[in-house]
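Analysis of the macromolecular model
Spelled out, the chains give:
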Amino acid sequence: MKKQRFWPILMIVLGAIYFLLPLYATFEFSLRERRGEYSFDSYANVLADSQFRDSFIYSVVLALATIVVSLLLIVPTAFWVHLKLPQLRPVMEFITLLPFVIPPIVLVFGLIRIYSRPPFVLVSSPALLVAGYVVLSFPYMYRSVDTGLRAIDVRSLTEAGQSLGAGWLTILFRVIFPNLRISLLNGAFLTFAIVLGEFTLATMLNWPAFGPYLALIGQNRAYEPAALAILSFGLTWICIGLIQLFSRGSREQTQLAGTR
Amino acid sequence: MADKALEKGVKLAAARPRTLRINLNWLGVVPFFLFSLLFLILPSLFLLVGSFQNEAGDFTLANIGDLFQPFILNSYWLSIQVSAVTALAGVIFGFGLAYASIRGGLPRWIRGGLMTFSGVASNFAGIPLAFAFIATLGRTGFITMIFKNVLGLNLYDTGFSLYTFLGLSLTYMYFQFPLMVLIIAPAIDGLKQQWREASENLGATNFQFWRYVALPILTPALLGTGVLLFGNAFGAYATAFALTGGSLNLVPIQIGAQIRGDVLHNPNLGYALAFGMVVIMAISIGISLLLQRRTSRWIQ
């Protein structure tokens, strides 16, 4: 038994070194701002920077808008397809998989070329950025909602609602949404984690979001980037931690996002 | 019987207004499909069509042909190398990690901890990840300084640099390993303990169990995830940009430069460059899906 455990332990130790060393190193690096002693100066600098707050809030608003639009597009459609148009399911699956096939850098290329000339000039509106983020959220939002819909008896719930006199909107918002809340929270937090630090779309469409701000700091400062990396890691941890907390007990969880 | 007759009756009764109802049903999915058309399909089609046009808008294959000039071929080749190396390393090490934590006879909290951490780390990509590696292995990074101060060795004199192929690969693996762990864990769970016991009862050695039972069952899953990891690295832009500032000739970096200013001096060649990237992504995701389907035959 002892001998058998040698390899597993070695693997885990190696993994722990590879995963934890950069985190420790980044943390140590972020404390080096003051010469000769450790300090939290770099964190203080970051938090005192008005650009940090502005870009962070900007990205939080973008993330919330993305979540709302994505939920309003995906949930009613997935519900409807489930109930009335099951033959459309492969099509839905295909479309929501496409953002994995079309990397963000290619998607934004196409968006810019189409919407920077008449008849639709959208590049001057942050709505185009939100639209792009909604597309990026499709794969896990749809998978998350689809898993949730499979787990509940959509037909019975709908018929029960109808026989009590509920209209479609009532059924959707007071029956389906609450029953899917774990899946929806799952998708929402993942979207939040991804939009918050997203760089490619934001920089190409030229909006003052958090991702481009990070890149800017990376070019101009020495220790603040490390502090920002630690803060970002903490935020990602919170989002994923909440997802795992919500979906405890349910086997399936979606926490895989696309390429960045 | 009665139920069936009743059902038939209901169906007949519903037959007349059916055409109308189907039309209304389709209305329900219009917002989603319209949105997808506008912000996903049309932009992609624009690049596809543009790849086969010259600047005057006439059909041409010249752009596709121009993809084969050395400068562009090199960027595809470098992207493919980085993706393949990190995918391969991700498959081997990620599988080892997942297997060790699930079947290694280690305490259960190790598995829980690894899974939670993998969920976080696989989403910790982009700019902050680049920062973390610069703080670790950059010119004044933590490990670089340890080598310098303790061993008196300047890593950057030995030819190592974070801003090269090796450094980029090391960085990408930080999200490749955890992704592998998350995707392969269910497949390892699906390897039934009885298969091992059965093979042991039949006198198989540990090697024979792996060679003739476990690996053949896991191969589609391993390959499928590997191809997925390949695509994951291939499409990454933010990490590469933040780490190398555009000095490495990768396809996403080239496309980024082409968007910012027409560096290829031919917009349509830029579309073809992006189109080529989508083709490679489509092939890898397609293979991955096919292999996943094969896996699920054995592992539920």
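Conventions and cut-offs
Residues numbered from 1 in each chain as written. Chains lettered and ligands numbered in written order. Predicted model: local features only at pLDDT ≥ 70, side-chain atom pairs only at ≥ 80, totals over all residues. Helix = DSSP H or I, 4+ residues; strand = E, 2+ residues; numbered from the N terminus. Rg over C-alpha atoms; globule rule 2.2 N^0.38 Å. Buried ≥ 20, exposed ≤ 12 C-beta atoms within 10 Å, placed from the backbone. Contact = placed C-beta atoms within 7 Å. Expected span 1.5 Å × (residues − 1). Bend = angle between axes of the 7 residues up to and from the residue. Nonpolar A, V, L, I, M, F, W, Y, C, P; charged D, E, K, R; others polar. Axes fitted to C-alpha atoms, helices over the stretch in contact; angles between N-to-C directions. Parallel < 35°, antiparallel > 145°, perpendicular 65-115°, else oblique. Left-handed = near helix turned anticlockwise from the far one by under 90°. Domains from an automatic or database assignment. Core = buried A, V, L, I, M, F, W, Y, C linked by C-beta atoms within 7 Å. pLDDT = per-residue confidence, 0-100.

Things to note about the overall build of chain B
A tally of helices and strands in chain B yields 14 helices and zero strands. For chain B, whose C-alpha radius of gyration is 26 Å, the value lies well above the compact-globule estimate of 19 Å for 300 residues.

A word on the overall build of chain A
A count of helical and extended segments in chain A gives twelve helices and two strands. Listed by position from the N terminus, the elements making up chain A come as α-α-α-α-α-β-β-α-α-α-α-α-α-α. Its C-alpha atoms put chain A at 75 × 70 × 30 Å along the principal axes. The burial tally for chain A puts 49% of its 260 residues in the buried class. Summarising the internal contacts of chain A: among those between residues at least 6 apart in sequence, 76% fall at separations of at least 24.

Quick word on helix α9 (residues 165–190) of chain B
Its 26 residues give α9(B) an end-to-end C-alpha distance of 36 Å, which sits within 8% of 38 Å, the value for a rise of 1.5 Å per residue. Its axis deflected by about 40° at B:I184, α9(B) carries its strongest bend there, up to four residues before the proline B:P186.

Notes on the interface of chain B and chain A
Contacts between the two partners involve 64 residues from chain B, matched on the other side by 67 residues from chain A. When residues in the side of chain B that touches chain A are grouped by element, the largest group, eleven residues, is from helix α3 (residues 30–51) of chain B. For the side of chain B that touches chain A, the per-class residue count stands at 44 nonpolar, 20 polar and no charged.

Some details on the packing of helix α11 (residues 210–220) of chain A against helix α7 (residues 127–137) of chain B
Across the interface, α11(A) lies against α7(B) with an axial gap of 9 Å and an inter-helix angle of 25°. Considering their axes alone, α11(A) and α7(B) lie roughly parallel with respect to each other. Note that α11(A) runs across α7(B); the crossing there is left-handed. Counting all contacts with α11(A), which are made through A:G211, A:L214, A:A215 and A:G218, the residues of α7(B) involved are B:I127, B:P128 and B:F131.

Some points on the environment of A:T191
Residues and elements named next belong to chain A. Its location among the elements puts T191 in helix α9 (residues 181–196). With 25 C-beta atoms packed within 10 Å, T191 lands in the buried category. Between the C-alpha atom of T191 and that of A166, which follows or precedes it by 25 residues, the distance is 31 Å.

A few points about the domain arrangement of chain B
One widely used convention gives an interface's size as the accessible area the parts lose upon coming together. By the assigned domains, chain B splits into domain 1 (1–42) and domain 2 (61–298). Domain 1 of chain B and domain 2 of chain B are separated by 43 Å when their C-alpha centres are compared.

Brief notes about unusual backbone geometry
Located in the positive-phi region is A:N206, a residue other than glycine, with phi close to 65°. Checked against the element boundaries, A:N206 lands in the loop between α10 (200–205) and α11. The class of A:N206 is partly exposed, set by 13 C-beta atoms lying within 10 Å. The phi dihedral of B:H265 falls on the positive side, at around 55°, and the residue is not glycine. Checked against the element boundaries, B:H265 lands in the loop between α13 (251–260) and α14 (267–298).

As for the environment of B:I92
With respect to the element layout, B:I92 can be found in helix α5 (residues 70–103). As for B:I92 and B:S284, which are separated by 192 residues in sequence, their C-alpha atoms are 18 Å apart.

Points about the nonpolar core
With 151 residues, the main nonpolar core has A:V106 and B:A274 as its most contacted residues. Each of domain 1 (1–42) and domain 2 (61–298) of chain B gives at least three residues to this core. Ignoring anything within four residues of it in the chain, the contact list for A:V106 reads B:L47, B:I255, B:A274, B:M277 and B:V278.

Here we look at the packing of helix α10 (residues 193–201) of chain B against helix α11 (residues 206–234) of chain B
Helix packing geometry: the angle between the two helix axes and the distance between the axes. Residues and elements named next belong to chain B. Running from N to C, α10 and α11 point in directions that differ by 125°, and their axes come no closer than 10 Å. Classified by the interaxial angle, the pair formed by α10 and α11 is oblique. Two packed elements cross with a definite hand, and for α10 against α11 that hand is right-handed. In this structure, α10 contributes W195, R196 and S199 to the contact, and α11 contributes Q208, F209 and V213. Looking at the contact of α10 with α11 residue by residue, the classes come out as three nonpolar, two polar and one charged.

Here we look at the confidence of the model for chain B
Residues and elements named next belong to chain B. When pLDDT is averaged along chain B, the result is 87; 91% of the residues meet or exceed 70. Mean pLDDT per element in chain B: helix α1 (residues 2–15) is the minimum at 52, and α3 is the maximum at 95. Interface scoring of the predicted complex returns ipTM 0.89; its pTM is 0.88.

Notes on the environment of A:I217
All names here are of chain A. Within the secondary structure layout, I217 lies in helix α11. Counting along the chain gives 24 residues from I217 to G241, while the straight-line C-alpha distance between them is 27 Å. Non-local contacts of I217, meaning those with residues more than four positions away in its chain, are made with E224, P225 and L228.

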